Structures are given as structure tokens and as C-alpha cells.
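Chain residues, written in single-letter form:
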Amino acid sequence: MIDIRKLKELVRLMVANELTELDLRDSEEQVTLRRQWPEQAIASPGGNGGAAARESGAAPAATAVADPPAGPSALTDQTDGMIMIESPMVGTFYAAPNPDAQAFVKAGSAVGPETPICIIEAMKIFNEIKAECSGTIRRVLVRNGESVEFGQPLFAVEPT
């Protein structure tokens, strides 16, 4: 496990040097850090990479996902026998790698354990979340740009 002091120092260096991504690997550890806003993924000709969108307060473009169920009983009724993919952290859910891209997955998408399914931003670090199961996405339970909690169900997957 990486030392939190090392991690904080890496983040500080990324900010100080205006880096957007850092990937470090050795025989014991692997760390990948990303400092990218979703609207920055496609750089503009002026090279500001979405800064105008951030300064204007524009929200990331919404990606079409299914509406969450009305309440806890609706969730249970619609997900019996399903594998629930839960959020591994507190953060902001993004269904796509950038506002102009299609969602990683949608209802009906087949997934495997290594299939990227979303990004969760936590402390300006974008974490790619993988399915970690095999099956078919039957329901997307959160909206793009929505805040999520640790353990909150994100997707209902019908196992194969």
C-alpha cells in the first residue's frame, strides 16, 4: 500500500508542474493519477483545454442514463437476482470519459471483470472503475455528474 505522504507529494508535484496524468510503477506498487476535468479531455485550438467552460461555470454535458428508481422498494423489485456494482469511494460519477464521448456502458451492454464502466472523481483525481464481474448491464442507477457515496449501487448487472 502506498504511503499517504508519498501520494500527497505526488499530487502537489502534479499541481505545481501542471501535469494532467502521472503513472508510476515498480515491483511493489503501481500508482496512476489523473488531474483532468471531464470537459478538458478534448483540447481547444487555443490550448486552454476547456478552461472557458470551467470559468463560465458550465456543467459537464449529461450522458443519457436510465432514471434511478423512485425508492428503496422500487430498487429491490427491479434488481432481484442482479449483481449490484457499488461505488468504491465518495465522489462524482461520470458515465463517459469526456462530455463529447459516449457512455462507457449503458443498459444492455455486456461487461467482463476488466470492462471500464464509469469514472468517479474524488479530490480532482479521476478514477476509472471496472465492472469486476461478468454479465449484462440491466440498469444504470445514477445520473451523470451526480455525487455518489461509498457503497452506493451504481449499476445492476444480470450475471452470465
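In this report, the structure presented in the accompanying data block is examined. (Residues numbered from 1 in each chain as written. Predicted model: local features only at pLDDT ≥ 70, side-chain atom pairs only at ≥ 80, totals over all residues. Heavy atoms only, no water.)

So, the side chain of Asn98
Part 1: With respect to the secondary-structure elements, Asn98 resides in the loop between β4 (91-94) and β5 (110-111).
Part 2: Judged by relative accessible area, which is 14%, Asn98 ranks as buried.
Part 3: Only 3.0 Å separates the side chain of Asn98 from the backbone nitrogen of Ala101, close enough to count as a polar contact. (Helix = DSSP H or I, 4+ residues; strand = E, 2+ residues; numbered from the N terminus. Buried < 20%, exposed > 50% of the residue type's maximum accessible area, 1.4 Å probe, protein only. Polar contact = N/O pair within 3.5 Å; in protein donor to acceptor, adjacent residues only side chain to side chain.)

Some words on the nonpolar core
Part 1: Counting residues in hydrophobic clusters, the biggest one holds 18 residues, and the most contacted among them are Phe93, Ile117, Cys118, Leu154 and Phe155.
Part 2: Within the residue set of this core, elements represented by two or more residues are β6 (116-122), β8 (135-140) and β10 (153-159).
Part 3: Here Phe155 is in contact with Ile83, Met84, Ile85, Phe93, Val105, Ile117, Cys118, Ile137, Arg139, Val140 and Leu141, once residues within four sequence places are set aside.
Part 4: Counting six residues, the second-largest nonpolar core is a separate cluster that includes Leu10, Met14, Val31 and Ile125. (Core = buried A, V, L, I, M, F, W, Y, C linked by side-chain atoms within 4.5 Å. Contact = heavy atoms within 4.5 Å.)

Thoughts on the sheet that holds β4
In a beta sheet, neighbouring strands pair by backbone hydrogen bonds and run either parallel or antiparallel.
Part 1: Across the sheet, four strands lie side by side as β7-β6-β4-β9; this open sheet has antiparallel pairing. Two strands bound the open sheet, and with one partner strand each, they are β7 (125-130) and β9 (147-148).
Part 2: The pairing of β4 with β6 spans three bridges and is antiparallel. Directly across from Thr92, in β6, lies its bridge partner Glu121. (Pairing = 2+ DSSP bridges.)

Details of the sheet that holds β5
Part 1: Strand order in the open sheet formed by four strands is β3-β10-β8-β5, with antiparallel pairing between adjacent strands. Here the strands that pair on one side only, and so sit at the sheet edges, are β3 (83-86) and β5.
Part 2: One ladder, built from two bridges, connects β5 with β8; its direction is antiparallel. Bridged to Val111 within β8 is Gly135.

Here's the deal with the packing of aromatic side chains
Part 1: For the coordinates displayed, the defined rule picks out two aromatic pairs.
Part 2: Here Phe93 and Phe155 contribute two aromatic rings whose centre-to-centre distance is 5.9 Å and whose plane-to-plane angle is 55 degrees, an arrangement assigned as tilted. Taken together, the residues span a long stretch of sequence, with Phe93 in strand β4 and Phe155 in strand β10 at a distance of 62 residues. Side by side, Phe93 and Phe155 carry an identical accessibility label, which is buried.
Part 3: Seen from their ring centres, Tyr94 and Phe126 are 6.1 Å apart, and the 35 degrees between their planes marks the pair as tilted. Taken together, the positions of Tyr94 in strand β4 and Phe126 in strand β7 put the pair 32 residues apart, joining distant regions of the chain.
Part 4: Using a relative accessible area of 8% as the deciding quantity, one classes Tyr94 as buried. (Phe/Tyr/Trp six-rings, centres within 6.5 Å; stacked < 30°, edge-to-face > 60°.)

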